[in-house]
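Notes for the structure review
Spelled out from the first residue to the last, the chains are:
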Amino acid sequence: MTGRIFDIQRFCIDDGPGIRTTVFLKGCPLHCKWCHNPESISPAPHLSFLQEKCIGCDACIDVCPKGALARTSSGKAILGRQYCDACGACAGVCDTKALEMVGRDAAVEEVMAVVLRDREYYQASTGGMTLSGGEPLYQPAFAKALLVAAKAEGLHTVVETSGFAEWAVLESILPLVDLFLYDYKETDAHLHQAFTGQSNELILENLRKLHAAGARILLRCPMIPEFNARKEHLDGIARTAASLPRLAGVELLPYHRLGRAKLQRLGFLARMPESVKPPDEHTVRGWNDYLTRQGVNLR
Ligand code: SF4
Ligand code: SF4
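All values reported here derive from a predicted model rather than from experimental measurement.

Our next topic: the pairing of strand β12 (residues 249-254). Two elements, strand β11 (residues 217-223) and β12, share six bridges in a ladder whose sense is parallel. In the sheet register, Leu218 faces β12, and the bridge partner there is Gly249. For the segment spanning β11, helix α9 (residues 231-242) and β12, crossover handedness is right-handed.

Here is the structure:
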């Protein structure tokens, strides 16, 4: 069994309890305007280019079948993304790793070999393996195979999901998941459609079903100025949390811009308007206080 991943990160501390290894699966049915991993949206591989690393050897220009690379007056390569079909030939000859492909196929055994390297850290910290993305359930058979393999090794498992998946997929992994980190992106169905490309109907239905089935769920709420960071949405978070009494809690994820360098490397810098600024501490405290006053169990 193989699937497409775009990263495996060890020693993660924000993707569930303890120290964890997070496996990032490629492909997502949503297109959130604020996505920090836009390279994960398409299931296809994507070319990353960091011009600062280029030493002007011209090897990539020689092998590119599309003429997508050229030499600038400074001697460094320049990439015309509109001509690139992500064939990967240039990344194969770029010794400095200025050009790299994001996304590759990996077998369950290969992924698990990396995950199991840190077993002793998981045991010491009640950590384990987290599946993230993209949307990990976009590759349901691969995600399930990873969870089965992790459980066979006695690992704690977390799935970070938008909830946009067929119920049968969620139901089939339910016994294999110790904690769902479940995104709640926007209360208003029309705005959800506008911000993410999909309605939230299926997501909310799956959330209710998961809760009813006894799953452990932490609701994760990205708060993005100029998009969903407004009182009506906070009220929606509070109402949803109140309707799910066994929820493990709610966590607000304020927008940040730490990934800007990565977005530039991947050619996605223009996705998020420059006007959208991260909220200051005072604003974030206000959101948290507002929810706390409404009885929300914040993490
Ligand atoms: S192969 Fe790499 S280092 Fe050489 S010109 Fe191309 S991007 Fe620059
Ligand atoms: S990925 Fe292929 S098409 Fe794109 S720049 Fe590299 S060699 Fe050219």
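Here we come to the pairing of β11. With respect to burial, β11 is a largely interior element, seven of its seven residues being buried. Across the two faces of β11 the burial is the same, with Ile217, Leu219, Cys221 and Met223 and Leu218, Arg220 and Pro222 all buried. By the bridge criterion, four bridges tie strand β10 (residues 179-183) to β11 in an arrangement that is parallel. Each bridged residue has a counterpart across the sheet, and for Asp183 the counterpart in β11 is Arg220.

With that out of the way, let us pick up the domain arrangement of the chain. The domain boundaries assigned to the chain delineate domain 1 (2-43 + 104-293) and domain 2 (46-102). The C-alpha-based centres of domain 1 and domain 2 are spaced at 32 Å. If you look at the interface, domain 1 gives seven residues, while domain 2 gives seven residues. Here domain 1 and domain 2 share an interface that buries about 600 Å² over both sides, 63% of which is from carbon and sulfur atoms. The largest share of the area that domain 1 buries against domain 2 comes from Lys26, Arg265 and Leu266, three residues that together contribute 67% of it.

Calculation criteria
Residues numbered from 1 in each chain as written. Chains lettered and ligands numbered in written order. Predicted model: local features only at pLDDT ≥ 70, side-chain atom pairs only at ≥ 80, totals over all residues. Heavy atoms only, no water. Pairing = 2+ DSSP bridges. Helix = DSSP H or I, 4+ residues; strand = E, 2+ residues; numbered from the N terminus. Right-handed = clockwise from strand over helix to strand, strands pointing away. Buried < 20%, exposed > 50% of the residue type's maximum accessible area, 1.4 Å probe, protein only. Domains from an automatic or database assignment. Contact = heavy atoms within 4.5 Å. Buried area = accessible area lost by both parts, 1.4 Å probe.

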